[in-house]
Amino acid sequence: MPSLRENPGKKIALLELLMGPIDMQDSPDSVEKKLRSLRPQMFHLARRILRDDHLAEDATQEALLELSAYFPRIRDQAAAPSIARRMVIKSVDRILRKEKDTVGVQEIGRVESDFLELERSLREIRENLNPSERRLFQLRFEESLTMDAISRELDASIMQTRYQVRQLQKKLQHQIRQQGFKPGDLEMCA
């Protein structure tokens, strides 16, 4: 009995049986050409989303690897750009999630060394608040709770809570300005 190497027609028949009809034009060289033709579009999409060339290149390479493995299962070659787009978006999403996990969220007391004076001032301001204002500061600005959640926590109406938060914001803004800082300084630290 001849082996599959000796009888390429039998090999194609077996592959067609397993994967469906095979287009003889889809040799490894033609698949590589199709992937190369899709690469610039894939990179452009990743670059638009990530706004970083290096991360976009990583996302494109990851998507190309995934697409090359998936390519034999594509029945209609006209669908390849759409599938490539979906794979780029998935790889970009993975990169963004990975970045988010490694970077983490900055905490209030943790600012860059350039802003040590501002950090010290914020701590002094927070310490000088009365206990109810300090609790409100913690709930709204450190824990980032909604007005509804704060009102439930403080057992007050939403209107009272909004009023108290606005008053606290005005007080904090006034004290920050008195110490010579501008609102933009706070935004750069956040």
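## Describing the overall build of the protein
And then number 1: Helices and strands together make up the secondary structure of the protein, namely nine helices and zero strands.
And then number 2: Listed N to C, the secondary structure of the protein is α-α-α-α-α-α-α-α-α in terms of helices and strands.
And then number 3: Within the protein, the proportion of its 190 residues that are buried is 24%.
And then number 4: Of all intrachain contacts in the protein linking residues separated by at least 6 positions in sequence, the fraction that spans at least 24 positions is 53%.
And then number 5: Summing over all exposed atoms, the protein offers an accessible surface of approximately 14100 Å²; the carbon and sulfur share of this is 52%.

## Brief notes about the pattern of salt bridges
And then number 1: Within the structure shown, the criterion is met by eleven salt bridges.
And then number 2: Here glutamate 66 ties to lysine 90 by a salt bridge, and the two come within 3.1 Å at their closest N and O atoms. Residue glutamate 66 is located in helix 3 (residues 53-70), and its partner lysine 90 is located in helix 4 (residues 80-103); the two are separated by 24 residues in the primary sequence.
And then number 3: Given the relative accessible area of 23%, glutamate 66 is considered partly exposed.
And then number 4: The class for lysine 90 is partly exposed, based on a relative accessible area of 38%.
And then number 5: A salt bridge links lysine 171 to glutamate 133; its shortest N-O distance comes to 2.7 Å. Linking lysine 171 in helix 8 (residues 158-178) with glutamate 133 in helix 6 (residues 131-142), this pair joins segments that are 38 residues apart in sequence.
And then number 6: By relative accessible area, glutamate 133 is classed as buried at 18%.
And then number 7: A cluster of three or more residues bridged by salt bridges with shared partners is formed by Glu62, Glu66, Lys90 and Arg94.

## Here we look at the environment of glutamine 160
And then number 1: With respect to the helices, strands and loops of the structure, glutamine 160 is situated in helix 8.
And then number 2: Spatially, the C-alpha atoms of glutamine 160 and methionine 147 are 9.8 Å apart, while their sequence positions differ by 13 residues.

## Concerning the confidence of the model for the protein
And then number 1: Across the protein, the average pLDDT comes to 76, with 72% of residues at or above 70.
And then number 2: Mean pLDDT across the elements of the protein ranges from a minimum in helix 1 (residues 8-19), with 48, to a maximum in helix 7 (residues 147-154), with 90.
And then number 3: Contacts of residues 14-22 to residues separated by more than four positions or lying in other chains number seven contacts, the stretch itself having pLDDT below 50.

## Looking at the nonpolar core
And then number 1: With 22 residues, the main nonpolar core has Met42, Leu67, Phe71 and Val88 as its most contacted residues.
And then number 2: Those elements that place two or more of their residues in this core are helix 2 (28-50), helix 3 and helix 4.
And then number 3: Ignoring any residue separated from it by four or fewer positions in sequence, one finds phenylalanine 71 in contact with Val31, Lys34, Leu35, Gln77 and Ala80.
And then number 4: One finds Ile125, Leu136, Phe137 and Ile176 within the second-largest nonpolar core, a separate group that totals 13 residues.

## Let's talk about unusual backbone geometry
And then number 1: The backbone phi angle of serine 144 is positive, close to 55 degrees, even though this residue is not glycine.
And then number 2: In this fold, serine 144 is placed in the loop between helix 6 and helix 7.
And then number 3: According to the relative accessible area criterion, serine 144 is exposed, its value standing at 56%.
And then number 4: Of note in the backbone geometry, aspartate 155 takes a positive phi value of approximately 55 degrees without being a glycine.

Here is what the cut-offs are and how they apply
- Residues numbered from 1 in each chain as written.
- Predicted model: local features only at pLDDT ≥ 70, side-chain atom pairs only at ≥ 80, totals over all residues.
- Heavy atoms only, no water.
- Helix = DSSP H or I, 4+ residues; strand = E, 2+ residues; numbered from the N terminus.
- Buried < 20%, exposed > 50% of the residue type's maximum accessible area, 1.4 Å probe, protein only.
- Contact = heavy atoms within 4.5 Å.
- Areas by Shrake-Rupley, 256 points an atom, 1.4 Å probe, with all protein chains shown as cover.
- Salt bridge = Lys/Arg side-chain N within 4 Å of Asp/Glu carboxyl O.
- pLDDT = per-residue confidence, 0-100.
- Core = buried A, V, L, I, M, F, W, Y, C linked by side-chain atoms within 4.5 Å.

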